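# An overview of the molecular structure
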Amino acid sequence: MNLLSYLSSSNKVERREKEIAEKVLNKVRISDEDALYLYTKPELPFVGMLANHIRTERHGKKTYFNRNFHVEPTNVCIYTCTFCSYSRLIKKRDEGWEFTMDEILDQIKAYDDQPVTEVHIVGGVLPQYNYQFYIDLYKAIKAHRPELHIKALTPVEYHYIFKKAKVSYREGMQAMVDAGLDSMPGGGAEIFDEEIRKEIAGGKCSSAEWLEMHQILHELGHRSNATMLYGHVENYEHRVDHMRRLRELQDKTGGFQTFIPLKFRNQNNQLSHLDEVSVLEDLRNYALGRIYLDNFDHVKAYWPMIGKKTAQLSLSYGVNDLDGTIDDTTKIYSMAGAEDQNPALSTGELVDMIRRAGKEPIERDTLYGIVNDFSDPELIPQ
Ligand code: V47
Ligand code: SF4
């Protein structure tokens, strides 16, 4: 049933549900109280119907993905986020990896004959990966392959390296952009509530600093993504507060492209005693992202973290992007217990996965330019 027929057919609809549904139908922004209501009260299909209505109005059946790979320079880290399964402390650095500039460039050159459009660079925070290191790295990547989009590091790393280099955020971001940085991924956001952030990610950049770094990058004319780590010690108020801060910044800059909810996975970390939330909770959370963040164009289900089946389901709960082919180049989620221990999908497999969910696959570049339109079911990717 679609939203309009639901509203006109049922006189048993709860008053509150009807009010919120009318807002969605009339493109009126929902309030924090509405969002809390949607998190806690209605049955999931109702929330899914609202999210799917917005998704269909904006994107029809179109579902985006890209051809990308990750580079993770190191997993040794000075911080000790309690949810992180991936990092190793400096005193245990022999258990981790620390790639040199040449090794990283070799990883990038390994893709020379492949039609990838994006390299996603992220990892631990460590003194030798400093201001000059990343400037040199971005310059070297651009000298080698100018058209490869560099989506790299988060405010967590930039805050640390700019402070050590004694440069302001604006000066630092400008230097990174001049060296070749194209956009910033959404990581490091976790949960903005200061108490929760201190509990799970103490010591790293504050929520205000995370938002400020994104604002500056947007003002420099570049785009970025935003994540939210959910399903650990936070509650629904914290999630709504997190999305409110994102919505407010997006009202100012319009620089965010995609919202990416990240489900806390509980293997091999200091929060392993917590149960993971259910798939129903995952779907409701994607739907809330789509309904509440009315100024974000895209909602992404990051399949290496959520698993392929839930990623397919999410496409009916507001999601319109599945990230990329990945090529087994990230360890963040496999080390945290995600289903795929070697996350990689060929373009053909991704296209097939999207078609089997009843949607139309569109290969995009990082900025959502269309690279290949596979909406015609006869088209087979090369
Ligand atoms: O900030 C770490 C999360 C993030 C766990 O912008 C965990 O396109 C769940 O931000 N359980 C990094 N999550 C990854 C990230 C990302 C991924 C894909 C695409 C984009 C994008 C951004 O991973 C961290 C943290 O929030 N994370 N450990 C864990 N155990
Ligand atoms: Fe370090 Fe990032 Fe892991 Fe925190 S989440 S410990 S900053 S690698």
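About the thresholds
Residues numbered from 1 in each chain as written. Chains lettered and ligands numbered in written order. Predicted model: local features only at pLDDT ≥ 70, side-chain atom pairs only at ≥ 80, totals over all residues. Heavy atoms only, no water. Helix = DSSP H or I, 4+ residues; strand = E, 2+ residues; numbered from the N terminus. Rg over C-alpha atoms; globule rule 2.2 N^0.38 Å. Buried < 20%, exposed > 50% of the residue type's maximum accessible area, 1.4 Å probe, protein only. Contact = heavy atoms within 4.5 Å. Axes fitted to C-alpha atoms, helices over the stretch in contact; angles between N-to-C directions. Parallel < 35°, antiparallel > 145°, perpendicular 65-115°, else oblique. Nonpolar A, V, L, I, M, F, W, Y, C, P; charged D, E, K, R; others polar. Near = heavy atom within 4 Å. Polar contact = N/O pair within 3.5 Å; in protein donor to acceptor, adjacent residues only side chain to side chain. Left-handed = near helix turned anticlockwise from the far one by under 90°. Salt bridge = Lys/Arg side-chain N within 4 Å of Asp/Glu carboxyl O. Pairing = 2+ DSSP bridges. Phe/Tyr/Trp six-rings, centres within 6.5 Å; stacked < 30°, edge-to-face > 60°.

If you tally the helices and strands in the protein, you get 15 helices and 11 strands. Rg of the C-alpha trace for the protein: 20 Å, near the compact-globule value of 21 Å for 382 residues, within the 12% margin. The principal-axis extents of the C-alpha atoms in the protein amount to approximately 65 × 50 × 40 Å. Within the protein, the proportion of its 382 residues that are buried is 58%. For the protein, long-range pairs separated by at least 24 residues make up 73% of all intrachain contacts whose partners lie at least 6 apart in sequence.

Packing of helix α6 (residues 131-144) against helix α8 (residues 169-179) brings their axes to within 8 Å, and their N-to-C directions diverge by 25 degrees. The angle between α6 and α8 falls in the class roughly parallel. On α8, the residues touching Y131, Y134, I135, Y138, K139 and K142 of α6 are E171, G172, A175, M176 and A179. Tallied by class, residues from the contact of α6 with α8 come to 7 nonpolar, 1 polar and 3 charged.

Lining the immediate environment of ligand 1, one finds 24 residues, of which K151, G186, G188, E190 and K300 sit closest. One nitrogen or oxygen atom from the side chain of K151 is found 2.6 Å from an oxygen atom belonging to ligand 1. Contact distances for ligand 1 include 3.1 Å between an oxygen atom and a backbone N or O atom of G187. Contributing elements (two or more residues each) for the shell around ligand 1: β6 (223-230) and β7 (256-263).

Where helix α3 (residues 32-40) contacts helix α11 (residues 236-253), the two axes come as close as 10 Å, and the packing angle between them is 135 degrees. Taken together, the axes of α3 and α11 are oblique relative to one another. The handedness of the crossing between α3 and α11 is right-handed. Contacts from D32, A35, L36, Y39 and T40 of α3 reach α11 at Y236, E237, R239, V240, M243, R244 and R247.

Moving on, we come to the pattern of salt bridges. In total, this model carries 28 salt bridges according to the counting rule given. In this structure, E190 and K204 form a salt bridge, with 2.8 Å as the shortest nitrogen-oxygen distance. In this pair, E190 sits in the loop between β5 (183-184) and α9 (194-201) while K204 sits in the loop between α9 and α10 (207-219), placing the two residues 14 residues apart along the sequence. With respect to class, E190 is no different from K204; both count as buried. The partner of E234 in a salt bridge is R239, with the nearest N and O atoms 2.9 Å apart.

Our focus in this paragraph is the pairing of strand β11 (residues 370-373). Two elements, strand β10 (residues 360-364) and β11, share 3 bridges in a ladder whose sense is antiparallel. Each residue of the ladder has a partner; that of R364, found in β11, is I370. Where β10 hands over to β11, the hairpin turn is made up of 5 residues, of which Y368 adopts a positive phi near 70 degrees.

Taken together, the residues surrounding ligand 2 are C77, Y79, C81, F83, C84, S87, G124 and K204. Here the shell around ligand 2 is composed, by residue class, of 5 nonpolar, 2 polar and 1 charged.

Bringing the side chain of D34 into the picture now. Mapped onto the fold, D34 is located in helix α3. Of the residues examined, D34 reaches a relative accessible area of 3% and is grouped as buried. Setting aside chain neighbours within four positions, we find D34 in contact with R16, I20 and K23.

In this section: the packing of aromatic side chains. For any pair of aromatic rings, the description consists of the separation of the ring centres together with the inter-plane angle of the planes. Evaluated as defined, the whole model comprises 14 aromatic pairs. Each ring, one from Y131 and one from F162, has its centre 6.0 Å from the other, and the planes form 80 degrees; the classification is edge-to-face. Of the two residues, Y131 is situated in helix α6 and F162 in helix α7 (residues 155-165); the sequence distance between them amounts to 31 residues. Judged by relative accessible area, Y131 falls into the buried class, the value being 16%.

Here we come to the side chain of Q250. Structurally, Q250 is set in helix α11. Classification of Q250 as buried rests on a relative accessible area of 5%. Of the polar contacts made by the side chain of Q250, one reaches the backbone oxygen of N295; its length is 2.9 Å. Not counting chain neighbours up to four residues away, the residues in contact with Q250 comprise G255, F256, N295 and F296.

Just distances and angles here, no functional claims.
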